[in-house]
Amino acid sequence: MNRKMVFFVFGRIGQTVGALLLLPAIVALIYGEMLQMQSFIAVAVGAIALGVLISRCSRTENKVIYAKEGFAIVSLAWIGMSAVGALPFVISGEIPSYIDAVFETVSGFTTTGASILSDVEAMSKSMLFWRSFTHWVGGMGVLVFVMAIVSNMTDRSIHLMRAEMPGPVVGKLVPRGKDTAKILYMIYIVMTFVQIILLSLGDMDLFESIVHTFGTAGTGGFGIKSLSIGAYSDYSQMVIAVFMMLFGINFNLYFLLIIGRIKTVLKSTELWAYLALAAAAVIAITLNLLPQYESFGAALKDSFFQTSSVMTTTGYSTANFDLWPSLSKGILMLLMCIGSCAGSTAGGLKVSRVVLLFKLVLGEIKRMLHPRAVTSVKFEGKAVDKQTLNSVLIYFAVYVFCVIAAFLAISFEPFSFETNFSAVIATFNNIGPGFGNVGPMGSFADYSAFSKLVFSFAMLLGRLEIFPLVIALSPSTWNKSRA
Amino acid sequence: MKIIIVGCGKIGISIIESLVGEGSDVVAVDSSPSVIDEIGNTYDVMCVCGNGADIETLKEAGVSKADLFVAVTHSDELNMLACFVAERMGAKHTIARIRNPEYNDKSLDFLGKQLGLTVSVNPEWLAAKELYNILKLPAAVNIESFSGGNLEMVELRLKQQSILDGLSLIELRKKYNAKFLICAVQRGEEVYIPDGNFVLKSGDRIGITASTTEIQKLLRMLGLMQNSAKSVMILGASRISYYLTKRFINSGNKVVVIDKDERVCEAFAAQLPEAVVICGDGSEQELLLEEGLGSTDAFVALTGMDELNILVSIFASNQGVPKVISKVNRSQLALMADNLGLDCIVSPKKTVSDILARYARAIKNSQGSNSIETLYRLMDGRVEAVEFNVSKDFPGSKIPLKDLALKPNTIIAGIIRGRKSIIPGGMDEIQAGDRVVVIVAGQQLIDLGDILR
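These numbers were taken from a predicted model, which means no experiment stands behind them. (Residues numbered from 1 in each chain as written. Chains lettered and ligands numbered in written order. Predicted model: local features only at pLDDT ≥ 70, side-chain atom pairs only at ≥ 80, totals over all residues. Heavy atoms only, no water.)

Things to note about the overall build of chain A
Okay, step 1: Across its full length, chain A holds 22 helices and 2 strands.
Okay, step 2: Taken against the 2.2 N^0.38 rule, which gives 23 Å for 483 residues, the C-alpha radius of gyration of chain A at 22 Å falls within 12% of a compact globule.
Okay, step 3: Reported as C-alpha extents along the three principal axes, the dimensions of chain A are approximately 60 × 60 × 50 Å.
Okay, step 4: Within chain A, buried positions represent 58% of all 483 residues.
Okay, step 5: When contacts within chain A are restricted to residue pairs at least 6 apart in sequence, those whose partners lie at least 24 apart make up 72%.
Okay, step 6: Accessible area of chain A: about 19,000 Å², with a carbon and sulfur share of 69%.
Okay, step 7: Side chains of chain A carry 34 positive and 26 negative charges; the gap between the two charge centres is 18 Å. (Helix = DSSP H or I, 4+ residues; strand = E, 2+ residues; numbered from the N terminus. Rg over C-alpha atoms; globule rule 2.2 N^0.38 Å. Buried < 20%, exposed > 50% of the residue type's maximum accessible area, 1.4 Å probe, protein only. Contact = heavy atoms within 4.5 Å. Areas by Shrake-Rupley, 256 points an atom, 1.4 Å probe, with all protein chains shown as cover. Lys, Arg positive; Asp, Glu negative; His and termini not counted. Charge placed at Lys NZ, Arg CZ, Asp CG, Glu CD.)

Take a look at the structure:
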């Protein structure tokens, strides 16, 4: 274990988070919220100073890192970020309990969007901005951001990317890790700007456009109105629905589009599976909703928005889908678990894993019929090697274990099965709202402090895809003798 | 600068390592997922898994924007095909490894032209050439020659109680009236570009530039002269052995080749009937002694296994063979072998990665005017010897060298003017049209102008 390098990068991330905290401070200045501004600046200065100190103390010549250092750095970074990011809420007194603030911040960085606030509209503007900004930062990943701006941190930065980017296989777009990170962020930033402009053309003011775009881009889902997006016009709702779908697509495909390889993009199995799944869900839910709605158009609009929101694990709502019929709720629950494409900002199992699992099942059935049949799983036009398939299977198994464990841990709470189970699914897959008490109109405020910590951990596990945290938290990783 | 490497074997990896170190954008292509995984984990490169001659794979690697395309898979045919396809798809320069002696004879020119190859490399042939040069001058542990073949860079190891021990370079100049320049010294882990006050010690590994005849003269004066090897024993009937044996026999010397594999031995004997080919286990000491290890002038271990080469070489050294050379490909093992007292080590992959580094820099410097002619990396790659063509625009020409402000750890080790090679003193000048050999430590030269402050 190259501990020095781990802490060196950790220190760099502390500095980055500190710098990022200056942005809401500026917002606070604009809106004249002095107390909030002071708390942001105090935390920012503290984080930068601490970051510089840690980096200075652990400067090292040996910059070689392996997979386990990558996992450790990413886990430490995310836990540290959440702990620091929660401080402004507490210092300004807007969320007095530190555990509540941590829950809110983890929910932000992991792009979950689950909230403990029962009255969002009472929050100050700068705090709302910071809450949504965490979505934007967490969506593409902090380490990827640090990689893009810090000059050649290490030759083996692929380990950092792999630990932070979701999906079964993480590759580079261009030879240099740093350039890859830059390209990803450029695409992300451009798409964000386009959405901000489109939204501000509608009935949202600039602040609302920015905040909601952050929530969409990171597929987070923190709103600033009790009615979430339901408070805005049809135009704004449609812009957000479409952009949620766009941010749920693998960013590598956007890069391929830019360099003119449209054919490859159109042949992408994952993209088609993602779109087909979404279309099927929209049609089924619309038909199921027709009796409750006056017109077909209204049903289609709400079902499209909700499918897009849940599938991309964003969690915005335009209608209280908790009141929908069971079939629609069942479909939404399924979509929550599946999630969007690998390499996007969304959570969940990822469509590519689900497609691979499905193909594995088909192959196994074929093998039962023809015991000597040789089967090969193909994906994106290539045969997938055994190692990758194996890791997909194992990921699925661990995913199920973790969900069950989290569910058991909170099952002493006095809520219905539906509430508890959907709360676990909604946090683990980084969606936000679930059903019952934690539905779109409810909040997580009534849960005990212990359960909130369990949920926070579940959100981190879901965002980082379980293994980095498990590996960073097992003592043998840090053993000196195995250095 | 974008470079695509197809085939990530030993040679491929060493090329990737050297080119990433040069700061190029590298894409690695290999058909084995586990190999590609390992590369992606170790180097900052983009990895593509697939057949290097497949159009889809090459598209994915971005071949149309590649400045340099290098095919070094184990198969000559695949390398040629991959380069051909890559060139047609828009790669600017293509380099193929072609090892089979049949392709390397007369057909090479024709093939190269038809396939649009920039150049083909044959690591085994290059290594054999290097070995041959060392066997001609056994006192040296390494010899590199610059263009024209007149100026050479010779590396020597100063043995215990060397007569040079404790001598400064100024004193050395006064004592021995020969035209040479000590331009790099490796002492333990450190590498020095020495000035006149530098004092030599036993155990140093020193690099000398001089013309071929002056080297002989100097070695004779130092009492280091060994006669060139007349008989040599080679372990392993590999491709390098074939090229080396062929050269050696053509100059009328005696060669014994030992290999375990009967069919390999038969094929070897059929190709080179003049050589004595022994089928037997080279790690058996009895066999080596029986075949005359005690009386041979030189022993060369060229099997595919680094470990075996090192062990058998140590045995040969202990038996008093005057010159022992071993082929060691892995650089970690090469360092260990060095510590065990085997100072003469060749590695085909180093030779090839040097050549590719030169091409990469020459392409980078295509706008610059002073083109790179040759490039060698010495002393574990920490010192570079680079030969430049001097153009009219070089700002340092027509200035006496003593007035030229050079960067630290830089030395001008030789000037080649027409057919004459000059070991420069302070009063010499660089002129347009010259070729200049520069030795640097700790930096990379792309243009001759880089040496000036």
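A look at the domain arrangement of chain B
Okay, step 1: If you check the domain split of chain B, you get domain 1 (2-121), domain 2 (127-222), domain 3 (231-321) and domain 4 (353-451).
Okay, step 2: Relative placement of domain 1 of chain B and domain 2 of chain B: their C-alpha centres are 37 Å apart. (Domains from an automatic or database assignment.)

Examining the nonpolar core
Okay, step 1: Counting residues in each nonpolar core, the largest one holds 147 residues, and the members touching the most others are A:I13 and A:F444.
Okay, step 2: Per-element accounting of this core gives the leading share, 11 residues, to helix α1 (residues 3-30) of chain A.
Okay, step 3: Of all hydrophobic cores here, the second largest spans 27 residues; its members include B:A128, B:L135, B:I240 and B:V346. (Core = buried A, V, L, I, M, F, W, Y, C linked by side-chain atoms within 4.5 Å.)

What to know about the packing of helix α14 (residues 269-289) of chain A against helix α15 (residues 296-311) of chain A
All names here are of chain A.
Okay, step 1: Two elements in contact, α14 and α15, have axes separated by 8 Å at closest approach and are oriented at 140°. One way to sum up the angle between α14 and α15 is to call them oblique. Crossing angle aside, the handedness with which α14 passes α15 is right-handed. The residues of α15 that touch α14, namely those facing Y274, L277, A278, A281, V282, I285, T286 and L289, are F296, A299, L300, S303, F304, T307 and M311.
Okay, step 2: A breakdown of the residues in the contact of α14 with α15 according to their chemical character gives 12 nonpolar, 3 polar and no charged. (Axes fitted to C-alpha atoms, helices over the stretch in contact; angles between N-to-C directions. Parallel < 35°, antiparallel > 145°, perpendicular 65-115°, else oblique. Left-handed = near helix turned anticlockwise from the far one by under 90°. Nonpolar A, V, L, I, M, F, W, Y, C, P; charged D, E, K, R; others polar.)

Points about the packing of aromatic side chains
Okay, step 1: Evaluation of the coordinates by the stated rule reveals 39 aromatic pairs over all chains.
Okay, step 2: Plain terms: the ring middles of A:F103 and A:F444 are 5.5 Å apart, the flat faces sit at 40° to each other, and that makes the pair tilted. Here A:F103 is found in helix α5 (residues 98-109), whereas its partner A:F444 is found in the loop between α19 (417-428) and α20 (449-463), with 341 residues between them in sequence. A:F444 matches A:F103 in its accessibility class, with the two residues each being buried.
Okay, step 3: Ring geometry for A:F407 and A:F417: centres 5.5 Å apart, planes at 85°, overall edge-to-face. Of the two residues, A:F407 is situated in helix α18 (residues 386-410) and A:F417 in helix α19; the sequence distance between them amounts to 10 residues.
Okay, step 4: Given the relative accessible area of 17%, A:F407 is considered buried.
Okay, step 5: We note B:K136 situated over the ring of B:F248; from NZ or CZ to the ring centre the distance is 5.8 Å. (Phe/Tyr/Trp six-rings, centres within 6.5 Å; stacked < 30°, edge-to-face > 60°. Lys NZ or Arg CZ within 6 Å of the ring centre and 35° of its normal.)

Describing the pairing of strand β5 (residues 93-97) of chain B
Residue and element names in this part refer to chain B.
Okay, step 1: Within β5, 4 of the 5 residues are buried, which leaves the element mostly enclosed by the surrounding structure.
Okay, step 2: Direction of pairing for strand β4 (residues 68-71) relative to β5: parallel, over a ladder of 4 bridges. Following the sheet pairing, L68 is matched in β5 by H93.
Okay, step 3: Each parallel crossover has a hand, and the one from β4 via helix α4 (residues 76-88) to β5 is right-handed.
Okay, step 4: In this sheet, strand β6 (residues 119-121) lies alongside β5 in parallel orientation, the contact comprising 3 bridges. Each bridged residue has a counterpart across the sheet, and for R97 the counterpart in β6 is V121. (Pairing = 2+ DSSP bridges. Right-handed = clockwise from strand over helix to strand, strands pointing away.)

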